[in-house]
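Notes for the structure review
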Amino acid sequence: MIWYLLQRVLQAVFVVWAAYTLTFTVLFMLPSDPVAIMLGTASGGETTGIDPAQIAALRAEYGFDQPVIVQYLTMLGDALRGDFGQSILTGARVAERIATELPHTLALGGLALVLAVTLGFTVGMLSIYPRKRVVRSALTALPPLGIAVPSFWLGILLIQQVSFGWGLLPATGNEGFASLVLPALTMAVPTGAILAQVFAASLRVTLAEPYIDVVRAKGASRARIFYGHAIRNATLPTMTLVGLLVGNLVGGAAIAETIFGRSGIGRLTVQAVSNQDIPMVQGVVMLAAVTTVTVTLLVDLIYPLIDPRVRTRAAAQ
Amino acid sequence: MTRPPNREPVLRVRDLTVTYHGIDSPITAVRGVDLDIMPGEVVALVGESGSGKSSTAHAVVGLLPPGSRMTGSIRVDGVEMSTLSQARLCDIRGRVIGFVPQDPSLSLDPTKRVGDQVAEVLRIHDATSQRAARSRAVDLLEAAGLPDPAVRAKQYPHELSGGMRQRVLIAAALACRPALVIADEPTSALDVTVQAQILDSLDQLTRDMGTAVLLVTHDLGVAADRARRVVVMSTGRIVEHGTPQTVLRSPAHSYTQRLIASIPTLGTAMARGRPEPREATPLLVAHRLVKEYRHPGRSGRRRSRFRAVDDVSFTIGKGETFAIVGESGSGKSTTARLITRLTSATAGDLTLGGIDLARTKGEALRQMRKRIQLVHQNPDASLDPRMTVEAIVEEPMWAFGVGTAPLRRARAADLVDQVALPRSVLQRRARELSGGQRQRVAIARALALQPELLVCDEPVSALDVTVQAQILDLLTGLQAELGLSYLFISHDLAVVGQISDRVAVMRNGRILELGTTEEIFSAPQSAYTRQLLDAIPGRGVFSA
């Protein structure tokens with residue numbers, strides 16, 4: 001079991017490192033010059049008319065005059081200590097900025113995840129369980145719709161109707177739980193739809209298993225077949241997907257925070273990318289990587305609790 | 001057994017018809033079946049795949065898949081099942097009718113402890129507490145012959161062997177002392193020696209409880225050994241019924257006659273009388289082969305090694321059929337994989353026609369593969385369902401760049417002739433063919449490169465007995481025609497007796513006994529071989 005854990009953790013560390021290195025490489029290869037951006041020449045192209053000595057000083061200060069490998073190792077070393085440098089735009093510490101914005105996005109993402117999982121499992125279940133065919137068909141059609149609807153459109157629709165039309169919930173802002181609901185719902189719909197589809201398919205496969213026939217032959221009611229056997233077995237493949245979808249939520253946060261005018265990591269990312277704020281982008285990418293990896297790790301750790309076969313394999317390793 | 005006159009049958013089926021949605025038109029699986037089973041009676045329902053025997057059994061338990069239609073009357077213990085409400089049906093299932101499924105490895109919920117799966121039946125019908133149901137489940141497991149029932153009850157299905165799992169399922173089926181048990185091929189997924197023990201347990205328990213049994217089986221031997229009455233089905237109808245003696249010794253219907261003639265028994269095996277095995281020139285020599293796998297120790301810390309094949313030596317002569325017989329886990333399939341070099345031996349020597357095969361690598365090994373070809377157990381899985389038969393048969397030639405496209409096409413047509421398939425199959429896809437036809441295609445593909453040795457890994461185990469006999473005849477014919485050597489892997493001693501010159505009996509990775517077919521069958525040296533021979537069902541009826 002310890003070896004199973006260790007293996008998973010090592011894998012997670014490797015993925016984070018790979019994400020870091022990949023971001024560094026991609027950002028390094030971008031044609032723009034960070035020093036030029038700092039000096040305010042918008043596109044980072046021309047630096048004429050600025051004192052070359054000043055440029056050289058800046059380069060030295062940020063270490064841009066060093067060979068690539070040295071830059072990489074220095075930044076990696078700093079990153080390991082939790083230091084992602086400072087924004088080349090505002091000069092703010094990247095780690096501090098992320099720390100201020102993180103709680104907003106955590107609350108939003110957390111609520112979105114809870115909504116998505118609830119929605120996904122409920123709709124998935126209800127598209128299989130009811131005896132009435134009409135109900136099942138209607139609910140089976142929902143997830144594809146949820147996936148097809150673009151989330152920015154859904155967000156705008158919600159603002160129009162729920163906020164402006166009915167005046168129920170605030171359209172923008174960071175204040176209180178009420179302001180969380182609409183953006184979280186916007187993020188939860190596409191994610192929940194995917195979960196619903198996978199869970200329904202998984203339930204369908206499970207219900208066709210011979211062991212379900214045996215349970216039926218024992219005289220089990222429909223409810224017992226579902227709650228006692230089918231759901232638990234159908235949850236296994238869906239769990240893995242939950243882990244992967246958390247990564248998606250980071251992207252969803254960028255859209256939701258922009259539409260609903262909230263501050264948070266998503267907004268920060270959009271700003272950082274459009275301003276080519278390289279250290280900030282790097283910091284956000286690392287945050288996304290660590291989040292995804294952590295959730296996947298958690299899923300891996302929960303798996304043996306649900307499936308005794310994984311438990312045996314883990315114990316054997 | 002004496003029973004009072006005019007007693008109601010426990011199962012009374014009248015004019016049962018079952019129809020499934022087909023791709024184009026509805027498929028009628030059962031056509032007007034009438035069947036009575038008296039209390040405590042054991043009736044065997046025998047037939048090949050597609051005969052409608054499983055559909056009949058499933059209709060009785062109410063387990064027909066969605067989309068199927070059933071007409072007619074099924075009365076269980078005097079209650080008409082076809083008009084029952086869902087709730088009443090749930091009440092009868094498990095309490096009045098028990099069900100023992102076909103494949104124990106797929107029939108237990110993998111996420112639940114086996115004891116709880118037995119206790120579940122009691123919880124549903126007896127309104128007992130969880131604790132009482134659990135302790136009763138342990139008693140039931142013990143009665144079903146599960147060793148260490150208290151420990152096993154707390155384990156999960158994957159921690160139990162196939163035979164143990166089937167005992168769990170029997171315990172669950174009999175937990176409420178039902179009046180009728182439907183056993184759908186309860187032992188066809190198990191080894192013969194295990195099969196005998198499981199059927200003994202089932203016999204014992206049902207006799208003690210006075211439970212009637214509908215035993216669905218493809219195996220006439222099992223039917224003859226276990227049932228008081230045998231009912232034979234073919235294409236959805238009952239074609240014959242009676243006591244095992246009358247049905248098996250003097251079958252009236254032509255289908256039953258054909259079925260019985262196809263069964264490879266020890267009697268027919270000897271009667272066929274293969275020519276005296278000559279001292280053939282050795283083609284393949286295996287010397288002290290060993291295959292080790294790393295096997296995680298139970299402590300989790302110590303890694304032990306597990307020998308799947310342990311010091312195995314044999315030779316296969318030119319034109320000879322050499323068989324390896326064994327039960328699951330005996331190492332016979334691993335040996336086949338070593339010979340075909342699908343896996344490499346940990347130690348030992350292997351030569352083909354004097355050339356080293358064990359240590360050949362890369363392109364040289366690829367060229368050697370031409371000389372040894374493989375026929376798998378399950379033609380459904382070993383043929384790409386979307387490829388045409390022509391493409392399947394041509395593929396090995398294409399892989400080795402044999403001939404030109406028109407030549408390959410001509411050769412494919414010849415090969416299809418050789419395995420006695422009509423040329424029209426060339427343009428059809430594998431999934432459109434029957435199991436027997438698919439196995440013929442697999443054999444044609446194996447012959448495409450004119451190999452010297454054909455390794456047949458359980459080539460007929462997935463087929464019905466009548467088809468089995470045809471494939472065995474085909475293999476025998478091809479050998480005479482082409483001078484092929486066969487390595488024939490099987491769990492079925494009767495089949496082996498029919499086709500092989502020499503036989504090796506394997507157990508736990510070792511060869512226990514090796515000799516001519518005659519020697520092994522008439523004068524087995526090891527106790528295990530005798531046990532295997534004794535476990536073959538139907539000996540009593542067929543050989544007497």
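Source: prediction; values computed, not measured.

Observations concerning the overall build of chain B
For chain B, the count of helices and strands is 22 helices and 20 strands. The C-alpha extent of chain B, read off along each of the three principal axes, is 70 × 60 × 45 Å. Burial status across chain B gives 54% buried among its 544 residues. A fraction of 68% describes how many contacts in chain B between residues 6 or more apart in sequence connect residues 24 or more apart. Accessible area for chain B stands at about 23,800 Å²; split by element, carbon and sulfur atoms hold 48% of it. Positive and negative side-chain charges in chain B, numbering 67 and 58 respectively, have mean positions lying 5 Å apart.

Describing the domain arrangement of chain B
Domain annotation of chain B identifies domain 1 (11–262) and domain 2 (381–450). Distance from the C-alpha centre of domain 1 of chain B to the C-alpha centre of domain 2 of chain B: 39 Å.

Things to note about the packing of helix 15 (residues 389–399) of chain B against helix 16 (residues 405–418) of chain B
Residues and elements named next belong to chain B. With their axes 9 Å apart at the nearest point, helix 15 and helix 16 run at an angle of 115° to one another. Along this stretch, helix 15 crosses helix 16, giving a crossing that reads as right-handed. In contact with Val 389, Glu 390, Val 393, Glu 394, Met 397 and Trp 398 of helix 15, helix 16 contributes Arg 408, Arg 409, Arg 411, Ala 412, Leu 415 and Val 416.

Notes on the UniProt feature "domain: ABC transmembrane type-1" (unreviewed entry) in chain A
The UniProt record marks residues 102–303 of chain A with the feature "domain: ABC transmembrane type-1" (unreviewed entry), using the residue numbering of this structure. Secondary structure across residues 102–303 of chain A divides into 83% helix and 0% strand, with the first and last C-alpha atoms of the span separated by 28 Å.

Things to note about the pattern of salt bridges
Considering all chains together, one arrives at 29 salt bridges over all chains under this definition. Where Arg 93 of chain A meets Asp 83 of chain A, a salt bridge forms, and the shortest distance between an N and an O atom there is 2.8 Å. Of this pair, Arg 93 of chain A sits in the loop between helix 4 (68–80) and helix 5 (94–126) while Asp 83 of chain A sits in the loop between helix 4 and helix 5, and the two are 10 residues apart along the sequence. A salt bridge links Asp 414 of chain B to Arg 423 of chain B; the shortest N-O distance between them is 3.7 Å. A residue is classified by how much of its surface remains accessible, and Asp 414 of chain B, at 41% relative accessible area, is partly exposed. For Arg 423 of chain B, a relative accessible area of 45% gives the class partly exposed. Shared partners join several salt bridges into a network, and the residues in it are Glu 292, Arg 307, Asp 310 and Arg 510 of chain B.

Focus on the nonpolar core
Residues and elements named next belong to chain B. In terms of nonpolar packing, the biggest core is built from 54 residues, with Val 441, Ile 443, Leu 454 and Phe 488 touching the most fellow members. Counting residues per element, this core draws most heavily on helix 17 (residues 435–447), which supplies six residues. If we ignore the near neighbours within four places in the chain, the residues touching Leu 454 are Gln 373, Val 375, Ala 446, Leu 447, Leu 484, Ser 485, Tyr 486 and Leu 487. Listed in part, the 53 residues of the second largest apolar core include Ala 133, Leu 146, Val 230 and Leu 248.

Some points on the pairing of strand 9 (residues 229–234) of chain B
Residue and element names in this part refer to chain B. Burial within strand 9 is extensive, with five of its six residues counted as buried. Bridge count for strand 3 (residues 42–46) against strand 9 is four bridges, and the pairing is parallel. Bridge pairing in strand 9 links Val 46 to Val 232. Pairing between strand 9 and strand 10 (residues 237–242): five bridges, direction antiparallel. Across the sheet, residue Ser 234 finds its bridge partner in strand 10, namely Arg 237. Between the antiparallel neighbours strand 9 and strand 10 lie two residues, among them Thr 235 with a positive phi of about 40°.

Side note on the UniProt feature "transmembrane region" (unreviewed entry) in chain A
All names here are of chain A. The UniProt feature table records "transmembrane region" (unreviewed entry) at residues 12–30, 106–129, 141–160, 180–201, 241–260 and 280–303. Here residues 141–160 runs as 90% helix and 0% strand, with 25 Å between its end C-alpha atoms. Between the C-alpha atoms that bound residues 180–201 there is a distance of 31 Å. The span itself is 100% helix and 0% strand.

Re the domain arrangement of chain A
Residue and element names in this part refer to chain A. Each assigned domain of chain A is listed here: domain 1 (31–83) and domain 2 (94–316). A straight line from the C-alpha centre of domain 1 to that of domain 2 covers 39 Å. With four residues of domain 1 at the interface, the matching set in domain 2 holds four residues. Note on domain 1 versus domain 2: buried area summed over both sides is about 350 Å², and carbon and sulfur give 60% of it. Where domain 1 meets domain 2, there are zero salt bridges. Applying the counting rule to domain 1 against domain 2 returns zero residue pairs in polar contact (both at pLDDT 80 or more). Its residues assigned to classes, the side of domain 1 that touches domain 2 comprises two nonpolar, two polar and no charged.

A short note on the UniProt feature "domain: ABC transporter" (unreviewed entry) in chain B
According to UniProt, the positions carrying the feature "domain: ABC transporter" (unreviewed entry) are residues 11–260 and 284–533 of chain B. The span residues 11–260 of chain B carries 40% helix and 25% strand; its end-to-end C-alpha distance comes to 28 Å.

Description of the packing of aromatic side chains
Tallying each qualifying case throughout the model produces seven aromatic pairs over all chains. When the centroid spacing of 5.8 Å and the interplanar angle of 40° are considered together, the rings of Phe 14 of chain A and Trp 17 of chain A count as tilted. Here Phe 14 of chain A pairs with Trp 17 of chain A, and both are found in helix 1 (residues 2–29), just three residues apart, close to one helical turn. Phe 14 of chain A gets classed as exposed once you look at its relative accessible area, which sits at 52%. One aromatic cluster in this structure is built from Tyr 20, Phe 24 and Tyr 72 of chain A. Over the ring of Phe 400 of chain B we find Arg 366 of chain B; its NZ or CZ atom is 4.7 Å from the centre of that ring.

Remarks on the sheet that holds strand 13 (residues 321–325) of chain B
Residues and elements named next belong to chain B. Spatial ordering of the open sheet is given by 16-17-18-13-19-20, a layout of six strands whose pairing is mixed. Lying at the two open borders of the sheet, with one neighbouring strand each, are strand 16 (372–375) and strand 20 (510–516). Across the sheet, the axes of successive neighbouring strands diverge by a mean angle of 15°, strand direction being ignored. Looking at chain direction, strand 13 and strand 18 (residues 485–490) are connected through five bridges and run parallel. Bridge pairing in strand 18 links Phe 322 to Leu 487.

Describing the confidence of the model for chain B
Keep in mind that low pLDDT regions are not for reading the predicted coordinates in detail. Residue and element names in this part refer to chain B. Looking at chain B, the pLDDT average stands at 89 and 93% of residues meet or exceed 70. Taking the mean pLDDT of every element in chain B, the minimum, 51, falls on helix 11 (residues 266–272) and the maximum, 96, on strand 6 (residues 97–100). Segment residues 297–301: pLDDT under 50, and six contacts once partners within four positions in sequence are set aside and those in other chains are kept. With a pTM of 0.82, the predicted complex shows an ipTM of 0.81.

Here's the deal with the state of the cysteines
All names here are of chain B. Tallying each qualifying case throughout the model produces zero disulfides over all chains. Residue Cys 90 stays outside any disulfide, its sulfur separated by 13 Å from that of Cys 176, the closest cysteine. When its relative accessible area of 12% is taken as the criterion, Cys 90 is described as buried. Take Cys 176: its relative accessible area is 13%, and that puts it in the buried class.

Brief notes about the side chain of Arg 440 of chain B
Residues and elements named next belong to chain B. Along the chain, Arg 440 falls in helix 17. Buried within the structure, Arg 440 lacks any salt-bridge partner; Asp 473 is the closest side chain of opposite charge, at an N-O distance of 7.9 Å. When sequence neighbours within four positions are dropped, the list of residues in contact with Arg 440 reads Val 419, Ala 420, Leu 421, Gln 470, Ile 471 and Leu 474.

Calculation rules
- Residues numbered from 1 in each chain as written.
- Chains lettered and ligands numbered in written order.
- Predicted model: local features only at pLDDT ≥ 70, side-chain atom pairs only at ≥ 80, totals over all residues.
- Heavy atoms only, no water.
- Helix = DSSP H or I, 4+ residues; strand = E, 2+ residues; numbered from the N terminus.
- Buried < 20%, exposed > 50% of the residue type's maximum accessible area, 1.4 Å probe, protein only.
- Contact = heavy atoms within 4.5 Å.
- Areas by Shrake-Rupley, 256 points an atom, 1.4 Å probe, with all protein chains shown as cover.
- Lys, Arg positive; Asp, Glu negative; His and termini not counted.
- Charge placed at Lys NZ, Arg CZ, Asp CG, Glu CD.
- Domains from an automatic or database assignment.
- Axes fitted to C-alpha atoms, helices over the stretch in contact; angles between N-to-C directions.
- Left-handed = near helix turned anticlockwise from the far one by under 90°.
- UniProt positions renumbered as here; feature names shortened; annotations may be inferred.
- Salt bridge = Lys/Arg side-chain N within 4 Å of Asp/Glu carboxyl O.
- Core = buried A, V, L, I, M, F, W, Y, C linked by side-chain atoms within 4.5 Å.
- Pairing = 2+ DSSP bridges.
- Buried area = accessible area lost by both parts, 1.4 Å probe.
- Polar contact = N/O pair within 3.5 Å; in protein donor to acceptor, adjacent residues only side chain to side chain.
- Nonpolar A, V, L, I, M, F, W, Y, C, P; charged D, E, K, R; others polar.
- Phe/Tyr/Trp six-rings, centres within 6.5 Å; stacked < 30°, edge-to-face > 60°.
- Lys NZ or Arg CZ within 6 Å of the ring centre and 35° of its normal.
- pLDDT = per-residue confidence, 0-100.
- Disulfide = S-S within 2.5 Å.

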